[in-house]
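Coordinate analysis (summary)
Each chain, letter by letter, is given below.
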Amino acid sequence: MKYNPDKYEIYYNLGICYSRINDFNIAKKCFEKTIEINSQMYPAYYRLGQIALLYRDFESAEENFEKSTCNEKEAKAYFELAKIHILKNQKEKAISDINNSIKANTKYYEIAKKEPILFPIKQYITKPVNETIPEYNETEREKEIEQYLNDTYKLTKNLNKQKEDKIGIPKTEQE
């Protein structure tokens, strides 16, 4: 970074490293610096969306996933947006998002049909006519960080639920 302060890849990779050691505050700063240098670095927006989900900041997650709905993360970003819109009880947006996800990559049709959070809109998920799978192939490192952040989100969600149940926080209508 000292010798190449304008190389956004360095900040992005550093953000991934900090994510792996659960230092999400520094990871977030690294991804923000990535975007500051290269606003077209859509995977950094996606990672910011994932970090926002960890903190249950659905507004920020939604904003960052919307910014990442281009190129290599498009289908995944729409898929995450659909889940957020279901949580916010915005079913029309969720239907649009999930169908956009499927248009970008048809493998999301099967994934969406099995995703419990999307069951309320299951009948509105459009079956793809032609197979569309983007040319972009994620690296193993990208797949690993994807899985790690998704697993971390599920863990924090479960821990928060246990904490809420333990201290008697009433469930919201969305749960």
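Presented here is a report on the structure given in the accompanying data block.

Reading guide: rules and limits
Residues numbered from 1 in each chain as written. Predicted model: local features only at pLDDT ≥ 70, side-chain atom pairs only at ≥ 80, totals over all residues. Heavy atoms only, no water. Phe/Tyr/Trp six-rings, centres within 6.5 Å; stacked < 30°, edge-to-face > 60°. Lys NZ or Arg CZ within 6 Å of the ring centre and 35° of its normal. Core = buried A, V, L, I, M, F, W, Y, C linked by side-chain atoms within 4.5 Å. Buried < 20%, exposed > 50% of the residue type's maximum accessible area, 1.4 Å probe, protein only. Helix = DSSP H or I, 4+ residues; strand = E, 2+ residues; numbered from the N terminus. Contact = heavy atoms within 4.5 Å. Lys, Arg positive; Asp, Glu negative; His and termini not counted. Salt bridge = Lys/Arg side-chain N within 4 Å of Asp/Glu carboxyl O. Polar contact = N/O pair within 3.5 Å; in protein donor to acceptor, adjacent residues only side chain to side chain. Expected span 1.5 Å × (residues − 1).

Observations regarding the packing of aromatic side chains
- Counting across every chain of the model gives four aromatic pairs.
- Its end group placed over the ring of Tyr148, Arg20 keeps NZ or CZ at 4.7 Å from the ring centre.
- It is Lys33 that lies over the ring of Tyr11; its NZ or CZ is 5.9 Å from the centre.

As for the nonpolar core
- With 25 residues, the main nonpolar core has Tyr12, Phe31, Ala44, Leu53, Ala61 and Phe65 as its most contacted residues.
- Contributing elements (two or more residues each) for this core: helix H1 (8–20), helix H2 (24–37), helix H3 (42–54), helix H4 (58–67), helix H5 (74–87) and helix H8 (140–167).
- Of the residues forming this core, the biggest block, nine residues, is contributed by H3.
- Here Tyr12 is in contact with Phe31, Thr34, Met41, Pro43, Ala44, Arg47, Arg141 and Glu142, once residues within four sequence places are set aside.
- Among the nonpolar cores identified, the runner-up in size contains 17 residues, and Ile86, Leu87, Ile102 and Ala112 belong to it.

A word on unusual backbone geometry
- Phi is positive for Asn22, which is not a glycine, with a value near 65 degrees.
- Tracing the chain through its elements places Asn22 in the loop between H1 and H2.
- Despite not being glycine, Arg56 shows a phi value in the positive range, around 60 degrees.
- The topology assignment puts Arg56 in the loop between H3 and H4.

Quick word on the environment of Cys17
- Looking at where Cys17 falls in the secondary structure, it is placed in helix H1.
- Separated by 128 residues in the primary sequence, Cys17 and Ile145 place their C-alpha atoms 9.0 Å from one another.

Description of the side chain of Asp97
- Along the chain, Asp97 turns up in helix H6 (residues 91–104).
- The side chain of Asp97 sits in the buried core without any salt bridge; Lys93 is the nearest counter-charge, 7.7 Å away.
- A polar contact of 2.4 Å, which involves the side chain of Asp97, links it to the side chain of His85.
- Aside from chain neighbours lying at most four places away, what touches Asp97 is Tyr78, Leu81, Ala82 and His85.

What to know about H3
- A rise of 1.5 Å per residue sets the reference length of H3, with its 13 residues, at 18 Å; its end C-alpha atoms lie 19 Å apart and thus fit the reference within 8%.
- Burial of H3 is extensive: 13 of the 13 residues sit out of reach of the surface.
- Within two residues after H3, Arg56 carries a phi angle of roughly 60 degrees, on the positive side.

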